[in-house]
Amino acid sequence: MSINGITTTSYITGYANRRVNNNSSSPVHHQAIVNQPSKMITLHISKENDPDGKSIGSMADENCSVTVYKPNDFDPANPVYRVKVWDEEGNVTERMVDISKVDPKSCDTIDMFAYSSHLTDSGECKDAQSAFLGIPHFEGYNKLFDKKDWFVPLKNMMQMQYDAGNLKGYWDFKKFWDFLTK
């Protein structure tokens, strides 16, 4: 089990594990306690034999959590992933994302996170997920469903890294850019 990504605007001060219930098929929920009183983020990450499949990416802020699952019956010829989104009350929205239909010029955060997670998991672009998580994009539950052109914030991050003299950061984002534009 691994944590593939955490994004939050607050400083993480603690970390704890808990289960939703004692049923062995329940996923383990990882919580990171942030410095704001009563604010906590929860990453939903799979364990062995999880009925949702293997978690290949998780991200969260204090308002919601998103996890991309590679289904147990995953077919690389038909790459479809299960994505679950938890709002701050714990309500779950589930969506199946067909990677072959994701258009980075016009898709929402959920589809783009699933796509970048797929690219990293498949080895097609091993740094795609970390580059995506480095783009300012995670603005709470309501913004997850807004479509945007992901080339714009990606290009802005590349330029910001270049202007700051962070050539390593620039090249990390540029690898993702080059993959998406080939």
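Refer to the structure above for everything that follows.
Cut-off values and rules
- Residues numbered from 1 in each chain as written.
- Predicted model: local features only at pLDDT ≥ 70, side-chain atom pairs only at ≥ 80, totals over all residues.
- Heavy atoms only, no water.
- Pairing = 2+ DSSP bridges.
- Helix = DSSP H or I, 4+ residues; strand = E, 2+ residues; numbered from the N terminus.
- Axes fitted to C-alpha atoms, helices over the stretch in contact; angles between N-to-C directions.
- Contact = heavy atoms within 4.5 Å.
- Expected span 1.5 Å × (residues − 1).
- Buried < 20%, exposed > 50% of the residue type's maximum accessible area, 1.4 Å probe, protein only.
- Patch = residues over 30% accessible without salt bridge, like charges linked within 9 Å, V, L, I, M, F, W, Y side chains within 5 Å.
- Areas by Shrake-Rupley, 256 points an atom, 1.4 Å probe, with all protein chains shown as cover.
- Salt bridge = Lys/Arg side-chain N within 4 Å of Asp/Glu carboxyl O.
- Polar contact = N/O pair within 3.5 Å; in protein donor to acceptor, adjacent residues only side chain to side chain.

*Asks:* Sorry if this is basic, but what is going on with the sheet that holds strand 4 (residues 54-61) here?
*Replies:* By definition, the strands of a sheet pair up through backbone hydrogen bonds, in either a parallel or an antiparallel sense. On the basis of which strands lie adjacent, the open sheet formed by four strands has the order 4-5-6-7 and antiparallel pairing. At either margin of the open sheet sits one strand with a lone partner, and together these are strand 4 and strand 7 (92-98). Across the sheet, the mean angle from the axis of one strand to that of its neighbour is 20°, orientation sign disregarded. Pairing geometry for strand 6 (residues 80-87) and strand 7, over seven bridges, is antiparallel. When the sheet's bridge partners are listed, Arg 82 is paired in strand 7 with Met 96. Across the sheet, helix 1 (residues 109-122) touches strand 4, strand 5 (64-70), strand 6 and strand 7, and the angle it forms with strand 4 is around 135°.

*Asks:* Sorry if this is basic, but what is going on with helix 4 (residues 167-181) here?
*Replies:* Side chains of residues three or four places apart in an α-helix project in the same direction, reflecting 3.6 residues per turn. The end-to-end C-alpha distance of helix 4, which contains 15 residues, comes to 20 Å, matching closely the 21 Å that a straight helix rising 1.5 Å per residue would cover. Listed in full, the buried residues belonging to helix 4 are Gly 169, Tyr 170, Phe 173, Lys 174, Phe 176, Trp 177, Phe 179 and Leu 180. Here the buried face of helix 4 lies against helix 1, helix 2 (128-134) and helix 3 (151-163).

*Asks:* Can you help me understand a nonpolar patch on the surface in this one?
*Replies:* The grouping of Tyr 162, Leu 167 and Trp 171 at the surface amounts to a nonpolar patch, some 350 Å² of accessible area in total. Inspection of the secondary structure assignment puts Tyr 162 in helix 3.

*Asks:* Help me understand the environment of Ser 116, please; the structure alone is not making it clear to me.
*Replies:* Within the secondary structure, Ser 116 is located in helix 1. A sequence separation of 14 residues divides Ser 116 from Ser 130, and the C-alpha atoms of the two residues are 8.3 Å apart. Those residues within four positions of Ser 116 in sequence are excluded, and the remaining contacts are Ala 128, Gln 129, Phe 132 and Phe 176. A distance of 3.1 Å separates a polar side-chain atom of Ser 116 from the backbone oxygen of Phe 113.

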